[in-house]
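An overview of the molecular structure
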Amino acid sequence: MPETLGISTPKPRSPTTSLRYLLSIACCTSLLSCANAPQPNTAPNQALQTSATTSTLPPAINNKATSSPAKMTPLATQTITEADFARCIQTFSQLAKSQGISTGVINTSLANAKLNKRVLELDKQQPEFTTTFADYFNRRVTEQRVKQGRELWAKHRALFDKVEQQYGVPAPYLLSFWGLETNFGSYFGNIQVVDSLATLACDGRRSEFFTIELMNALRILDEGAITSSQMVGSWAGAMGHVQFMPSAFLKHAVDYDDDNKRDLWKSTADAMGSAANFLRNLGWQPNSRWGREVKLPANFPFLEAGLKNSKSLSEWSQLGVRRADNSPLPAENINASLLVPAGHQ
């Protein structure tokens, strides 16, 4: 995966510094994947990213998820009743049956789904949208998290070495996303995934997206990866050590421990192999760094920022962009885009 000029030094980093650096990148990526336009704020250091890097999740798997959900009359969040939800479940059950999902899964999981109004509340107050980047970063990148990441790196070194050899993704990146998403597997969320996805699919705001995710969650149950009662996750339906949405699970999850099951909840090997496969499928390039921190001149034209605006490193240099240590950008023949995760004044 090409790079982001975002928090770099010209010398190799120790494991501690490397994990802190990459945790900050993961934090940036988590924030940027949810917010298209950063709010104005002070940002002394910016991130420059190569044009081939993407900060969005892969598209949902549309396997036969067709027009039925779109034809439903959208329900305003504040007016969803138990009766409304029951009618939604009937419609979803018909859709699931038409898509080949087993009657057993429909009857034991979807038919028993419960309306979760707390999920609807959380959908409107996502922290990536309501906190500044500085606050978000300082809460998520802590000394304890860096320390624990180093310990897990040592504990699972053989696994991480094998994953890097196969997928080309170094351990610090995987550890960083693992730490950011679930605090290294200590908290997966406590909401039944079918309940949360059915609730959000019944709501009118993003019904089509969450209906597709609901159908994909049922497919995961159908393949036997986990039972319905064990399928817990975030309020939005993200699951397991690295918080895959169901569509990402179906497309990228791998059985890395060879037990004939893609288990992203109990198998660290499956989780790390799947995360690396996910990044590789997004276009990860083993021989390119993800990014580096840069400094901008006082008169920098911020309209030049954004993933859609790609320039060569020499062109960025001509605009006054320099490394965080104030040295010149490297003379490499690559294009890059500037990210401003904290906004600007």
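Remember, it's a predicted structure, so these values are computed and weren't measured experimentally.

On a plain count of helices and strands, the protein comes out with 15 helices and 8 strands. The burial tally for the protein puts 54% of its 345 residues in the buried class. In the protein, once contacts between residues fewer than 6 apart in sequence are set aside, the share between residues at least 24 apart is 77%. In the structure as shown, the protein presents an accessible area of about 16,200 Å², 51% of it carried by carbon and sulfur atoms.

Per the stated rule, a full pass over the model turns up 7 salt bridges. A salt bridge links Glu-151 to Lys-147; the nearest nitrogen and oxygen atoms lie 2.6 Å apart. Of the two residues, Glu-151 and Lys-147 both sit in helix H8 (residues 143-155), 4 residues apart, roughly one turn of that helix. On the accessibility criterion, Lys-147 (45% relative accessible area) is partly exposed. The salt bridge partner of Glu-223 is Arg-262, with a shortest N-O separation of 2.7 Å. Of this pair, Glu-223 sits in helix H12 (residues 207-223) while Arg-262 sits in the loop between helix H13 (246-252) and helix H14 (268-282), and the two are 39 residues apart along the sequence. Residue class for Glu-223 comes out partly exposed when judged on its relative accessible area of 39%. The network of salt bridges with common partners includes Asp-123, Arg-205 and Arg-206.

Of all 5 residues in strand E5 (residues 291-295), 4 are buried, a share of seventy percent or more. One ladder, built from 2 bridges, connects E5 with strand E7 (residues 322-323); its direction is antiparallel. Within the sheet, the bridge partner assigned to Val-294 lies in E7 and is Arg-323.

This paragraph deals with the environment of Ser-288. Here Ser-288 lies in the loop between H14 and E5. Residue classification places Ser-288 among the partly exposed residues on the basis of a relative accessible area of 30%. Taking the C-alpha atoms as reference, Ser-288 lies 9.7 Å from Ile-334; in sequence the two are 46 residues apart.

Its location among the elements puts Asp-84 in helix H3 (residues 82-98). Looking at Asp-84, its side chain comes within polar contact range of the main-chain nitrogen of Thr-81, at 3.0 Å.

Cut-offs applied
For every chain, the first residue of the written sequence is number 1, and numbering continues from 1 onward in sequence order. Reporting in this predicted model follows two pLDDT cut-offs: at least 70 for local features of residues, and 80 or more for side-chain atom pairs to be given and counted; totals over whole chains, interfaces and linings ignore these cut-offs and use all residues. Hydrogens and water are ignored here; the side-chain numbers use all heavy atoms of the structure. Numbered from the N terminus, helices here are DSSP runs of H or I no shorter than four residues, and strands are runs of E no shorter than two. Exposed residues in this analysis have more than 50% of their type's maximum accessible area, buried residues have under 20%, and partly exposed residues fall in between, with area computed by a 1.4 Å probe over protein chains only. We call two residues in contact when some of their heavy atoms are within 4.5 Å. To measure how exposed things are, a 1.4 Å probe is used in the Shrake-Rupley method; for residues, cover is taken only from the protein chains shown. Take a side-chain nitrogen of Lys or Arg and a carboxyl oxygen of Asp or Glu: if they are within 4 Å of each other, that pair is a salt bridge. In this description, strands pair whenever DSSP reports at least two bridges between them. As used in this structure description, the phrase polar contact means that two N or O atoms lie within 3.5 Å; if the pair is within protein, one of them must be able to donate a hydrogen and the other to accept it, and residues adjacent in sequence are counted only when both atoms belong to side chains.

Note that every value here comes from positions in space, so none of it alone points to a role or purpose.
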